[in-house]
Amino acid sequence: MKLTSYGLLFMMGILSLSACTGRKISDLKSKFRMINASSNTGDINVAMDYQNMYATNIQYLNYSLFSEHISTRHVLQIKNASGSIIVDTALTMEPNKTYTGFLYDSSNQVRYKLLEEKFEAPVGSFCKLRFLNLSNNAPASDIIPGTDTLPLFTNFENGDYSDYTLFSSDSMYFNAATTGSIIPYYTQGVYVKFKPGYFYTMYLKGNVGSVLTDSLGFFVVENSGNY
């Protein structure tokens, strides 16, 4: 009888562990996307655990959608169009979390930054907006909405970023001014329609003084938090 009891207990333990493990595996997922703000690098691809993530390269001023991955430690490599590795790092993904990687330039050096997304839904007629200064050579900057005189984001140097900030849903353009000045060194040439309930990542890109592809400007990424 003892042997039978132990056997039953053992089998019950295995079944219970299998059920728990199954639930854990289904829950242990994370998401990742890549935004390419590096004009010096050009087209890129991302390899996770030595396998390219995308069938086509991510061009400058473009980005991938979120892709789902097992929540664990991954080897992450960013490669240029010729396949040379320009970033070789590791990414530890925690369960049910979402990450965005940024490739950008800083004084003509290529940099990589990883942010964890926190998609806490905006309420009412508001959206959420965050800002990053990813310009290669812009000064520390204040970002001023439209005809306002007060900045929404203050003293952002290269590589600085904000949290998502509650923002009115409206059509708006932005100015970049050297910190402490209200005279813009750059004014966005078009209005951006900010929709209620959406999340926006806006970054300053390019080079002061350039009129080519890498010219100074704002780039805006819109998403609903669902992709």
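Anything mentioned here points back to the structure above.
We now turn to the structure provided with this report. (Residues numbered from 1 in each chain as written. Predicted model: local features only at pLDDT ≥ 70, side-chain atom pairs only at ≥ 80, totals over all residues. Heavy atoms only, no water.)

### Comments concerning unusual backbone geometry
In terms of backbone geometry, most residues other than glycine have negative phi values and most peptide bonds are trans. The residue Tyr-50 is not glycine, and still its phi comes out positive at about 75°. Relative to the assigned elements, Tyr-50 resides in the loop between β2 (44–48) and β3 (51–52). Of the residues examined, Tyr-50 reaches a relative accessible area of 58% and is grouped as exposed. (Helix = DSSP H or I, 4+ residues; strand = E, 2+ residues; numbered from the N terminus. Buried < 20%, exposed > 50% of the residue type's maximum accessible area, 1.4 Å probe, protein only.)

### Overview of the pairing of strand β9 (residues 109–117)
By the bridge criterion, 9 bridges tie strand β8 (residues 98–106) to β9 in an arrangement that is antiparallel. Its bridge partner lying in β9, Phe-102 is registered against Lys-113. Hairpin geometry of β8 and β9 is characterised by an intervening segment of 2 residues between the two adjacent antiparallel strands and by a positive phi of about 50° at Ser-107. (Pairing = 2+ DSSP bridges.)

### Section: the packing of aromatic side chains
Aromatic ring pairs are defined here through the distance separating the ring centres and the angle between the ring planes. Enumeration according to the criterion identifies 17 aromatic pairs in this entry. Relative to Phe-153, the ring of Phe-131 has its centre 5.6 Å away and its plane inclined at 25°; by these criteria the two rings are stacked. With a gap of 22 residues between them, Phe-131 in strand β10 (residues 126–133) and Phe-153 in strand β12 (residues 153–156) connect regions that are remote in the sequence. Per residue, the accessibility class of Phe-131 equals that of Phe-153, and both read buried. Aromatic side chains Phe-153 and Phe-156 sit 5.8 Å apart centroid to centroid with 80° between the ring planes, which places their arrangement in the edge-to-face category. Like Phe-156, Phe-153 is buried. Three or more aromatic residues joined by ring pairs form one cluster here, namely Phe-131, Phe-153, Phe-156, Phe-167, Phe-174, Tyr-186, Phe-194, Tyr-198, Tyr-200 and Phe-218. Positioned above the aromatic ring of Tyr-198, the side-chain terminus of Lys-195 is 5.4 Å from the ring centre. (Phe/Tyr/Trp six-rings, centres within 6.5 Å; stacked < 30°, edge-to-face > 60°. Lys NZ or Arg CZ within 6 Å of the ring centre and 35° of its normal.)

### Quick notes on the sheet that holds strand β6 (residues 73–80)
One open sheet accounts for 4 strands, arranged β3-β2-β6-β7; its pairing is antiparallel. Of all the strands in the sheet, just β3 and β7 (85–92) have a single pairing partner and so form its edges. In this structure, β6 lies alongside β7, joined through 7 bridges in antiparallel fashion. Counterpart to Ile-78 in the pairing with β7 is Val-87.

### Describing the environment of Ala-177
Its place among the elements puts Ala-177 in strand β15 (residues 174–178). Each C-alpha atom, one on Ala-177 and one on Ile-144, is 7.6 Å from the other, the two residues being 33 residues apart in sequence. Once residues lying within four places of it in the same chain are set aside, the contact partners of Ala-177 are Ala-140, Ser-141, Asp-142, Ile-144, Ile-183, Pro-184 and Tyr-185. (Contact = heavy atoms within 4.5 Å.)

### Quick notes on the layout of surface pockets
Space inside the largest pocket adds up to approximately 220 Å³. Those elements that provide at least two residues to the lining of the largest pocket are β9 and β10. Across the lining of the largest pocket, the residue classes tally to 3 nonpolar, 1 polar and 6 charged. (1 Å grid on protein atoms, 1.4 Å probe; cavity = no way out; pocket = protein on both sides within 12 Å on 5 of 7 lines; lining within 4 Å. Points joined across faces, edges and corners; volume = space filled by probe spheres on them. Nonpolar A, V, L, I, M, F, W, Y, C, P; charged D, E, K, R; others polar.)

### Side note on the pattern of salt bridges
For the structure on display, the rule yields 6 salt bridges. Ionic pairing is found between Lys-29 and Glu-68, a salt bridge with its closest N-O pair at 3.9 Å. On the criterion of sequence distance, the pair formed by Lys-29 in strand β1 (residues 29–37) and Glu-68 in strand β5 (residues 67–70) is long-range, its members being 39 residues apart. Judged by relative accessible area, which is 27%, Lys-29 ranks as partly exposed. Ionic pairing is found between Arg-130 and Glu-117, a salt bridge with its closest N-O pair at 2.6 Å. Taken together, the residues Arg-130 in strand β10 and Glu-117 in strand β9 connect sequence positions 13 residues apart. (Salt bridge = Lys/Arg side-chain N within 4 Å of Asp/Glu carboxyl O.)

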